[in-house]
Amino acid sequence: MKIKVLGSGCARCKSLEKITRKAVEELNLDATVEKVEDIRKIMEYAVMLTPALVINEKLVLSGQVPKVSEIKELLVQNS
């Protein structure tokens, strides 16, 4: 599973990355988590609000920082 956290490096973006990594660890998933800060690459996903979460090249979340449990649910749904 490939997971990307899209964002400029703001506090909310860092928070999403942290809770995503925690969710992956708690679910014991075989996944890579990549932080994407390049605005051009972020625009490729047609993201209007960051932070955003991409799972296996599918945009699943934008403009919010959910709880770990919500991230887990997204990971399970999109695995």
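Residues numbered from 1 in each chain as written. Predicted model: local features only at pLDDT ≥ 70, side-chain atom pairs only at ≥ 80, totals over all residues. Heavy atoms only, no water.

Draft legend 1. Looking closely at the sheet that holds strand β4 (residues 58-62). The sheet built from four strands is open, its strands ordered β2-β1-β3-β4 with mixed pairing. Every other strand in the sheet has two partners, leaving β2 (32-36) and β4 as the edge strands with one partner each. Across the sheet, the mean angle from the axis of one strand to that of its neighbour is 20 degrees, orientation sign disregarded. Across four bridges, strand β1 (residues 2-6) lies against strand β3 (residues 52-55) in antiparallel orientation. Paired with Ile3 across the strands is Ile55, a residue of β3. Contacts from helix α1 (residues 11-27) reach β1, β2, β3 and β4, with the element oriented near 160 degrees to β1. (Pairing = 2+ DSSP bridges. Helix = DSSP H or I, 4+ residues; strand = E, 2+ residues; numbered from the N terminus. Axes fitted to C-alpha atoms, helices over the stretch in contact; angles between N-to-C directions. Contact = heavy atoms within 4.5 Å.)

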